[in-house]
Each structure stands twice: as structure tokens, then as C-alpha cells.
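Take a look at the letters that make up each chain.
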Amino acid sequence: MILIVDDAPENIISLKKVLEVNGFEVDTASSGEEALKKILKKSYVLIILDVQMPEMDGFEVAEAISGYSKAKETAIIFLSAASANVNLITRGYSSGGLDYISKPVDMNILLLKVKTFYRIYEQSRALNEMQTKLLEEIEFRKEAERKKDEFISIASHELKTPMTSIKGYIQLLERSLNKEDLETTRIRLHKVQNQVEKLNLLVADLLDISKIESGKLKFNKKYFSFDKILDHIVEIMQQANPKVKFIKKGGIDTEIFGDEMRIEQVIINFMTNAIKYAPDSDEVHLTAERRGDEIYFSVRDFGIGMAKEHQQQIFGKFYRVEETSERFQGLGIGLYICLEIIERHQGKIGVNSEPGKGSEFYFTIPVHPEKDANS
């Protein structure tokens, strides 16, 4: 928008008419004081400012404008009498003006100068937007680099822990074998197996992340019984965690279409987290039910829970809740992989949680996603 400031109404009318005919939006002010009030409320690309006005002349207005952060980048063209001397012109430039037009105004010259300033303004705005985007990109890359470095550090630590345990148990195994102590050997072998399984899960997650990044995470979808795989998982988890009671609610009495192994992976992740983050609780609730054309499954624990801000980020890659990162091990990629799996099944994943009262992780997927896709 252009602001014309002149105490002569006839000058304002003629300038306004020419500029509006050429597609410019125009505002007007008949005094310096009125102009300053308008500048406080609106943003202008260009101000055409008469030098000789009573009470507050154009130079004083320009100097006042330069003190407003909102109007610092606004271009000013002074209108002055043809007899303006060098000192007057010099004062105009020093007070913030960028150009002069002598009266009587040559409308062709005025239009050329207005168009030039508008072009400069558009170029400046484009450069500022580009600079803002560039700075955002730099910050994004810095944050990504920081997360990558943090992830490599965490991954190294997480992989080293079971490796160190395996090495220690093997040394103890050698001693118990030399003593022919079969019971101790059996116990230590079981501990080695546990550590190997933990290592295997870590490596599997790392491989899945790599496949997701490269777009090579494959799915083998077919019809399978959800209840059947859930019962199988509960049986295995119960054996591995005899002190925890898994309470199953509801059931899905129909086959669903999806990748059985990947859905199993999500369920196991939910249940493993429920046990991990509720160390003082002996119950985990599982809910499975059909809701129209979708199935709903959730795992609820009664553990530490999490704040709202973490719930919005928990499915992000490499995200770990800072307050629990030292207390609980993990790479921060399990839930990100779960998100990818459920979304590839055209489903939704989420969490309801409250600090100190536990968390409920859930997902929904369509029973017949291939039919939904076709329709």
C-alpha cells in the first residue's frame, strides 16, 4: 500500500487517481500528524511525502518514521518545489528519503519510480523469505545432526551393554563347566540367551530404521487371526514375565488383512514398554475389539506415565523422554517403527497418558484395507 501525505487536497486527488488507475492501493493523509497515526496502525511499502507542510514538515515526519521499527524499511519519496536547493535535498536524504520528485509532478516519472520501488520491495521480501527458510533449514539440519550424534552414542552404549554381559557370562560358563556344575551352567546359559535376544532385537530395530529410510521395509500381507497371534504373544510374554498379570478384554472374532509378523512386532513393543515403564506394577491390561470396519487394540500400564508434550513427540524418530532416559534403556526408535507399520496398514496409532497414572498405547487398522484402498 502507498501513503500520500500532502496538505493540498488537489495534489492528493490527482496522485491518488493516477496510482489507483495503475493498480496500486492508496491511502492518504493531509498532515504529518495524521500520517504518523496511520503509520502506527498500518504497514506501507512506499510513502510519497510533501516537504512543505505547516506545523510538521516532511523532513520531521521522515525523521519520526525512522524511529518506528515497523516503518524502518518503508521507502520515502519527497515531493518538493522545483526551486529546492542543494541543502534542502541533502536534508531530505539524511532524514530518510530515498528519492525526490519536483512539483509540478510528472506522472510518468512518478509511475516509473513507484514501480521501481515496488520491484525492489518484492525482491527484498523474497530475499528475506529465502533467508528465513535458509536459517530454518540450517537449524533443522543442526538438530538432525545433533539427534544423529546422540543416537549413535546411545546405540553404541545399548549394543555394548548386552555384548559386555555375554562376554562376562561366557567366562563364568567356562568356570562352571570346569567344575562340572550343570545347574549353574544352565542358569548362565539362560542369561546368555536373554542377552543375545536383547542384542538381536536392537539389531532388528536398527535394520528396520535403515529399511524405512531407504523405502525398503517390506510387508507380506494376508488374512490372519488377530486373536490367535495375540494369545500366542500373551503366552510367551507371560512365561518371560511370570510376576506380571496380563488381563485381556474383548476379542476380534474375524480374520484381518495385514502383515502378521509386523502387527505382532507392534503388539510386542507395546507390551514390552508397558512392563518396562511400570516396574512397580503387576498388571497390564490388553483390549482388542472390532469397531465397525476397524479393529482397536490397546495396551495399558499403571506406571510412570508421561506429560502431554511428550505424548505429541513420542512416536518421533530417536525421541526419548529426558526424565526417563537414564533410568530406562532404549534406542528411541521402537515406537517410530510401530508408527510406520500401522500407517502402512492404513491405520492410526496414539497414546493416552497421565504422569504417575500410567499410559495406554493403542492402534486401529481397517479389517479389509485392500477394499478401502480400491474404493
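Right above here is the structure, for reference.
Since the structure is predicted, the reported quantities are computational estimates derived from the model, not experimental observations. Per-chain numbering applies: the sequence of each chain, read as written, is numbered from 1 onward. Confidence filtering applies because this is a predicted model: local features only for residues at pLDDT of at least 70, side-chain atom pairs given and counted only at 80 or more, and all residues used for totals across whole chains, interfaces and linings. Derived side-chain values reflect all non-hydrogen atoms in the structure, with water molecules and hydrogen atoms excluded from consideration.

*Asks:* Just give me the short version of the overall build of the protein chain, but keep the residues and values in it.
*Replies:* We count a stretch as a helix when DSSP gives it H or I for four or more residues in a row; a strand needs E for two or more, and each element gets its number in order from the N terminus. In terms of helices and strands, the protein chain carries twelve helices and twelve strands. Note on exposure labels: buried denotes an accessible area under 20% of the residue type's maximum, exposed denotes more than 50%, and partly exposed covers the range between, all computed with a 1.4 Å probe on protein chains only. Here the protein chain holds 375 residues, and the buried ones make up 40% of them. Should any heavy atoms of two residues lie within 4.5 Å, those residues are considered in contact. Restricting the contact set of the protein chain to residue pairs at least 6 apart, pairs at least 24 apart contribute 68%.

*Asks:* Before we move on, can you summarise the environment of Val 234 with the specific residues and values?
*Replies:* Position of Val 234 among the secondary structure elements: in helix H7 (residues 226-240). When the C-alpha positions of Val 234 and Lys 248 are compared, they lie 9.0 Å apart, and in sequence the two are 14 residues distant. Excluding anything up to four places from it in sequence, Val 234 contacts Phe 246, Met 271 and Leu 286.

*Asks:* Just give me the short version of the pattern of salt bridges, but keep the residues and values in it.
*Replies:* We define a salt bridge as a side-chain nitrogen of Lys or Arg found within 4 Å of a carboxyl oxygen belonging to Asp or Glu. For the coordinates displayed, the defined rule picks out 14 salt bridges. For Asp 27, the salt bridge is made with Lys 42, and the minimal N-O distance between the two is 3.3 Å. Taken together, the positions of Asp 27 in strand E2 (residues 26-29) and Lys 42 in the loop between helix H2 (32-41) and strand E3 (46-50) put the pair 15 residues apart, joining distant regions of the chain. Assessed through its relative accessible area of 10%, Asp 27 is described here as buried. Salt bridges here are not isolated pairs; linked through shared partners, they connect Asp 27, Glu 34, Lys 38 and Lys 42.

*Asks:* Lay out helix H3 (residues 58-65) with the relevant residues and their values.
*Replies:* Where H3 is concerned, the buried positions are Gly 58, Phe 59, Val 61, Ala 62 and Ile 65. Looking straight down H3, one finds that the buried residues subtend no more than 160 degrees of arc, so they occupy a single side. By the criterion applied in these results, polar contacts are pairs of N or O atoms within 3.5 Å in which, for protein atoms, one can donate a hydrogen and the other can accept it, and in which residues neighboring in sequence qualify only through two side-chain atoms. If you check the start of H3, you find a side-chain oxygen 3.1 Å away from the backbone N of Phe 59, and it comes from Asp 57. Note that the arc is defined by the directions from the helix axis to the C-beta atoms.

*Asks:* How would you sum up a nonpolar patch on the surface? Please name residues and give values.
*Replies:* Patch membership is restricted to residues that have no salt bridge and whose relative accessible area is over 30%. Joining uses 9 Å for like charges and 5 Å for the nonpolar side chains Val, Leu, Ile, Met, Phe, Trp and Tyr. Surface accessibility follows the Shrake-Rupley procedure with a 1.4 Å probe radius. Residue values consider only the protein chains on display as shielding. The grouping of Leu 134, Leu 135 and Ile 138 at the surface amounts to a nonpolar patch, some 280 Å² of accessible area in total. As for its placement among the helices and strands, Ile 138 is situated in helix H5 (residues 107-178).

*Asks:* Can you explain the sheet that holds strand E10 (residues 294-300)? Please cite residues and give values.
*Replies:* Read from one edge of the open sheet, five strands run E7-E9-E10-E12-E11, paired in mixed fashion. Only two strands of the sheet have a single partner each, and these edge strands are strand E7 (245-251) and strand E11 (348-354). Each adjacent strand pair in this sheet contributes to an overall mean axis angle of 15 degrees, direction not counted. The rule for pairing is simple: two strands pair if DSSP sees at least two bridges between them. By the bridge criterion, seven bridges tie E10 to strand E12 (residues 358-366) in an arrangement that is antiparallel. Paired with Tyr 296 across the strands is Thr 364, a residue of E12. With axes taken as lines fitted to C-alpha atoms, and helix axes fitted only over the stretch in contact, angles between N-to-C directions fall between 0 and 180 degrees. Packed onto the sheet, H7 meets E7, strand E9 (283-291), E10 and E12 and runs at close to 175 degrees relative to E7.

*Asks:* So what about helix H11 (residues 334-344)? Which residues, and what values?
*Replies:* For H11, the tally of buried residues reaches eight of eleven residues, placing the bulk of the element in the interior. Among the residues of H11, Gly 334, Leu 335, Tyr 336, Ile 337, Cys 338, Glu 340, Ile 341 and Ile 342 are the ones counted as buried. Positive phi shows up at Gln 346, right after H11, with a value of about 60 degrees.

*Asks:* Which residues make up the packing of aromatic side chains, and what are the values?
*Replies:* Only centres within 6.5 Å qualify two rings of Phe, Tyr or Trp (six-membered ring in Trp) as a pair; their planes then separate them into stacked at under 30 degrees, edge-to-face at over 60, and tilted for everything else. Evaluation of the coordinates by the stated rule reveals nine aromatic pairs. Arranged with centres 5.0 Å apart and planes meeting at 50 degrees, the rings of Phe 24 and Tyr 118 form a pair that is tilted. Placement of the pair is Phe 24 in the loop between helix H1 (9-21) and E2 and Tyr 118 in helix H5, with a sequence separation of 94 residues. Residues Tyr 296 and Tyr 362 carry aromatic rings whose centres are separated by 5.9 Å and whose planes lie at 25 degrees to one another, so their mutual orientation is stacked.

*Asks:* Which residues make up the packing of H7 against helix H8 (residues 260-276), and what values do they have?
*Replies:* As a packed pair, H7 and H8 sit with axes 10 Å apart at the nearest point and diverge in direction by 40 degrees. When the interaxial angle is binned, H7 and H8 end up oblique. Crossing of H7 over H8 shows right-handed handedness. When H7 is examined against H8, the residues Phe 226, Ile 229, Leu 230, Ile 233, Val 234 and Met 237 are found in contact with a partner set consisting of Glu 260, Ile 263, Glu 264, Ile 267, Ile 268, Met 271, Thr 272 and Ile 275. Between 65 and 115 degrees an angle is taken as roughly perpendicular, under 35 as roughly parallel, over 145 as roughly antiparallel, and anywhere else as oblique. Each helix crossing is assigned a hand: it is left-handed if the near helix lies turned anticlockwise from the far helix by less than a right angle, otherwise right-handed if that turn is clockwise.

*Asks:* Please give an account of the nonpolar core that cites residues and values.
*Replies:* Residue types Ala, Val, Leu, Ile, Met, Phe, Trp, Tyr and Cys, when buried and joined through side-chain atoms within 4.5 Å, form a set referred to as a nonpolar core. Of all hydrophobic cores here, the largest spans 46 residues; its most connected members are Phe 226, Ile 263, Ile 267, Phe 270, Met 271, Phe 297 and Phe 363. Listed by contribution, the elements that provide at least two residues to this core are helix H6 (182-214), H7, H8, E9, E10, H11, E11 and E12. If we skip the residues at most four places from it in the chain, Phe 226 touches Ile 252, Thr 254, Ile 256, Ile 263, Ile 267, Ala 288, Ile 295, Phe 297 and Phe 363.

*Asks:* Describe in detail the layout of surface pockets, supporting the description with residues and values.
*Replies:* For cavity detection a 1 Å grid was placed over the protein atoms alone, and a set of points counts as a cavity when a 1.4 Å probe fits there but cannot get out; an open set counts as a pocket when protein lies on both sides within 12 Å along at least five of seven lines, with lining residues being those that have an atom within 4 Å of a point. Grid points are joined across faces, edges and corners, and a volume is the space filled by probe spheres set on the points. A volume near 340 Å³ is recorded for the second largest pocket. If you trace the second largest pocket, you find 14 residues lining it, with Val 45, Glu 73, Thr 74, Tyr 121 and Ser 124 closest to the centre. When residues in the lining of the second largest pocket are grouped by element, the largest group, six residues, is from H5. Within the lining of the second largest pocket, the residues separate by chemical class into seven nonpolar, four polar and three charged. Side-chain classes are defined by residue name, with Ala, Val, Leu, Ile, Met, Phe, Trp, Tyr, Cys and Pro counting as nonpolar, Asp, Glu, Lys and Arg as charged, and the others, Gly among them, as polar.

*Asks:* Give a detailed account of the environment of Glu 60, specifying residues and quantitative values.
*Replies:* You can see Glu 60 is positioned in helix H3. The exposure class of Glu 60 is partly exposed, given its relative accessible area of 34%. Through-space distance from the C-alpha of Glu 60 to that of Gly 32 is 8.1 Å; in sequence the pair is 28 residues apart.

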